[in-house]
Amino acid sequence: MAYKASNALFPEWNIFEEYLAAITSGGKSLDSLRSSHPVEVVVRDPNEVDQIFDAISYNKGGSVLRMLERAIGEEAFRKGIQRFLEQNAFACATTDDLWKALGEGTGVDVRTMMNGWTRVTGLPVVLVRRDAGALRLRQERFLLDRDPERPVEDPTLWDIPLPTTDDQGRSSPARLPTREGTVEAPPSEWIKVNAGQAGFYLAQYDDAGWAGLTKAVEKLALPTMDRYGLQEDAYSLMRAGYLSVPVYLKFAGAFGRETNPYVWGGVLDGLAALADIFLGDPHVERLENWARALLKATAEQIGWEEQPGETSERTLLRSTILGSAVRFGHPETIDEVRRRFELGRRDLSTLPPNLRSTIFYGTARHGDSPAFDAILELYEKADLPEVKVQLLRSLGAFRKEALTRRAIEYALSDKVRRQDAVAVFGSVPVEMKPTAWKLLREFWPVLDERYGKSGLIGHFIASAASGIPTEEHAADVERFFREHPAPYASEKIKQTLEGIRARAKFRARNKSGLAQFFG
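Computed from a prediction, not measured in an experiment: that's the story for all the values here.

**Student:** Which residues make up unusual backbone geometry, and what values do they have?
**Tutor:** Even without glycine at this site, Phe90 takes up a positive phi of about 60°. Mapped onto the secondary structure, Phe90 falls in the loop between α5 (74-87) and α6 (95-103). The class for Phe90 is exposed, based on a relative accessible area of 91%. Even without glycine at this site, Gln197 takes up a positive phi of about 60°. Within the element layout of this structure, Gln197 appears in the loop between β6 (191-193) and β7 (202-205).

**Student:** Before we move on, can you summarise the side chain of Gln231 with the specific residues and values?
**Tutor:** Within the fold, Gln231 resides in helix α9 (residues 224-239). Taking relative accessible area as the criterion, Gln231 reaches 5% and is therefore assigned buried. Within the structure, the side chain of Gln231 is placed 3.0 Å from the backbone oxygen of Tyr228, a separation counted as a polar contact. Leave out the neighbours within four places in its chain, and Gln231 touches Phe251, Phe255, Val263, Gly266 and Val267.

**Student:** Describe the sheet that holds strand β4 (residues 171-176), naming the residues involved and giving the relevant values.
**Tutor:** Read across the open sheet, the three strands follow the order β4-β3-β6; overall the sheet is antiparallel. Each end of this open sheet is capped by a strand with a single partner; those strands are β4 and β6. Across the sheet, the mean angle separating the axes of adjacent strands is 25° when strand polarity is ignored. Taken together, the six bridges between strand β3 (residues 160-166) and β4 define a ladder with antiparallel strand orientation. The partner of Pro163 across the bridge, within β4, is Pro173.

**Student:** Before we move on, could you go through the sheet that holds strand β2 (residues 134-141) and cite the residues and values that matter?
**Tutor:** The four strands lie next to each other as β5-β2-β1-β7, forming an open sheet whose pairing is mixed. This sheet does not close on itself; its edge strands, each paired only once, are β5 (180-184) and β7. In this sheet, neighbouring strand axes are inclined to one another by 30° on average, regardless of whether the strands run parallel or antiparallel. Across eight bridges, the pairing between strand β1 (residues 124-131) and β2 is antiparallel. Paired with Val128 across the strands is Leu137, a residue of β2.

**Student:** Describe the nonpolar core, with residues and values.
**Tutor:** Within the largest apolar cluster, 89 residues are counted, with the highest numbers of intra-cluster contacts made by Leu68, Trp117, Leu162, Tyr248, Leu271, Leu274 and Leu514. Per-element tally for this core: the top contributor is helix α11 (residues 261-277), with nine residues. Leaving out residues up to four positions away in the same chain, Leu274 has contacts with Met238, Val245, Tyr248, Leu249, Leu287, Phe506 and Leu514. Of all hydrophobic cores here, the second largest spans 60 residues; its members include Ala397, Leu412, Ala423 and Ala465.

**Student:** Break down helix α23 (residues 471-483) for me, citing the residues and quoting the values.
**Tutor:** Given 3.6 residues per helical turn, the α-helix brings residues three or four places apart onto the same face. The terminal C-alpha atoms of α23, which comprises 13 residues, lie 19 Å apart, in line with the 18 Å expected from a rise of 1.5 Å per residue. By the burial criterion, the buried members of α23 are His473, Ala474, Asp476, Val477, Phe480 and Phe481. Looking down the long axis of α23, one finds its buried residues gathered within 160° of arc, a one-sided arrangement. Pointing more than 90 degrees away from the buried face of α23 are the exposed residues Glu472, Arg482 and Glu483.

**Student:** Lay out α11 with the relevant residues and their values.
**Tutor:** Between its first and last C-alpha, α11 extends 24 Å over 17 residues, near the 24 Å set by a 1.5 Å rise per residue. Of all 17 residues in α11, 13 are buried; the element is thus mostly enclosed. Between the side-chain oxygen of the N-cap and the backbone nitrogen of Tyr262 there are 2.8 Å, and the N-cap of α11 in question is Asn260.

**Student:** I'd like a description of a nonpolar patch on the surface, backed by residues and values.
**Tutor:** A cluster of nonpolar side chains, contributed by Leu9, Phe10 and Trp13, occupies part of the molecular surface with about 330 Å² of accessible area. The residue Leu9 is located in helix α1 (residues 2-9) in this model.

What counts, and where the lines are drawn
Residues numbered from 1 in each chain as written. Predicted model: local features only at pLDDT ≥ 70, side-chain atom pairs only at ≥ 80, totals over all residues. Heavy atoms only, no water. Helix = DSSP H or I, 4+ residues; strand = E, 2+ residues; numbered from the N terminus. Buried < 20%, exposed > 50% of the residue type's maximum accessible area, 1.4 Å probe, protein only. Polar contact = N/O pair within 3.5 Å; in protein donor to acceptor, adjacent residues only side chain to side chain. Contact = heavy atoms within 4.5 Å. Pairing = 2+ DSSP bridges. Axes fitted to C-alpha atoms, helices over the stretch in contact; angles between N-to-C directions. Core = buried A, V, L, I, M, F, W, Y, C linked by side-chain atoms within 4.5 Å. Expected span 1.5 Å × (residues − 1). Arc of directions from axis to C-beta. Patch = residues over 30% accessible without salt bridge, like charges linked within 9 Å, V, L, I, M, F, W, Y side chains within 5 Å. Areas by Shrake-Rupley, 256 points an atom, 1.4 Å probe, with all protein chains shown as cover. Salt bridge = Lys/Arg side-chain N within 4 Å of Asp/Glu carboxyl O.

Okay, here's the thing in structure tokens:
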């Protein structure tokens, strides 16, 4: 409702772009794991209560309601919510009561349609194949750890709202309630399903479909949310083996003229995640050079200085682009970060609030012991909690073992508020994950005593244990938590283990992927 109210009051904010990037994406990411859970869960143990209030309960729950609103129409949805509140005033209500109220007068069996989205684990991918004047469609469960050589068919089916749009502006409000189906689609240069990107599913196209959409992205011919959805789907589909690494990178390269901060952020985060998975591969340096070249024109155009009256979108784009330039080692950006940090050491107010995190992060990522000491000094002088947390995150971003140890020891000292310590763990880069995992085990008695009876312990575990893509590491994590049970993090541990193994399988399966693209 907060997003609905914000959109009604300030439509110029385009707040649902943020919703798609920050809320829906998080729900889809978690729901792509076998260790996910339904939106509706029966709680049998008090330890489960904190754990189920996660990206499924909130992010997926809100996202499937938004999908339903698009399917039945905004006005019908509003009236249905009003009916639900009136019919159940001063009484208990169930999910079925909500579906009943929302379905009245719409001609849609909302209960049957939505039960698959709230009472079943997972989300679908729709396979789209152009066949003359039609689209041939097939749905299957999307799983991040899918083996493309031996795919296992999951029996789950969803009733999928499937709006389409094409280069002629034609649209169709189709649905796919069965395993396979057909939708009329007159000839066009490109066609996109999940038009508007309100649907909680992925779409995989045939080669011709991706080729047409690549051209549409290059020309900015698709609305922002559709461009965001395409790049997000492409990355996830690559991870699950539907797309090859070279095909994904070719598609990502089509976004060089992008103007939206959320779309740019998605593309650059995908490239950074790929570089992290392939850490140690001799072609990672070429990938990072390629990413710098992709964002270079936008970085030069956006600059460092905020202009009077500039839009919030442009301000966000600046921090997104410059942050990624730092991540991928753009020399000129790093030099400017260091220059501005030195000015900020003397007077924090000289640092633009919207670029403080970028400057602190860049100083740490490309810094050594003197930079660590300088950030620590600033932390101890800073008054604003927001600035202190930004500095803590930068303390975790150094890429030297001794400094990672110093950062974690400091985070667990009395000089840091207990609820802020996780900021250091959460910002440890992939290069230092082995050190973070070692330190988590070393300091486990402290962590368990402080956080072991809250859901926060799961965030420490996920931050320290994830990111190392080997089966040996997964086995080590399993062994440790067999010997040191963490009941309030049991679900997070399962999800972390599945993520480790999925990354390991992906890297092994695509060991020549970067070489194939860069030649």
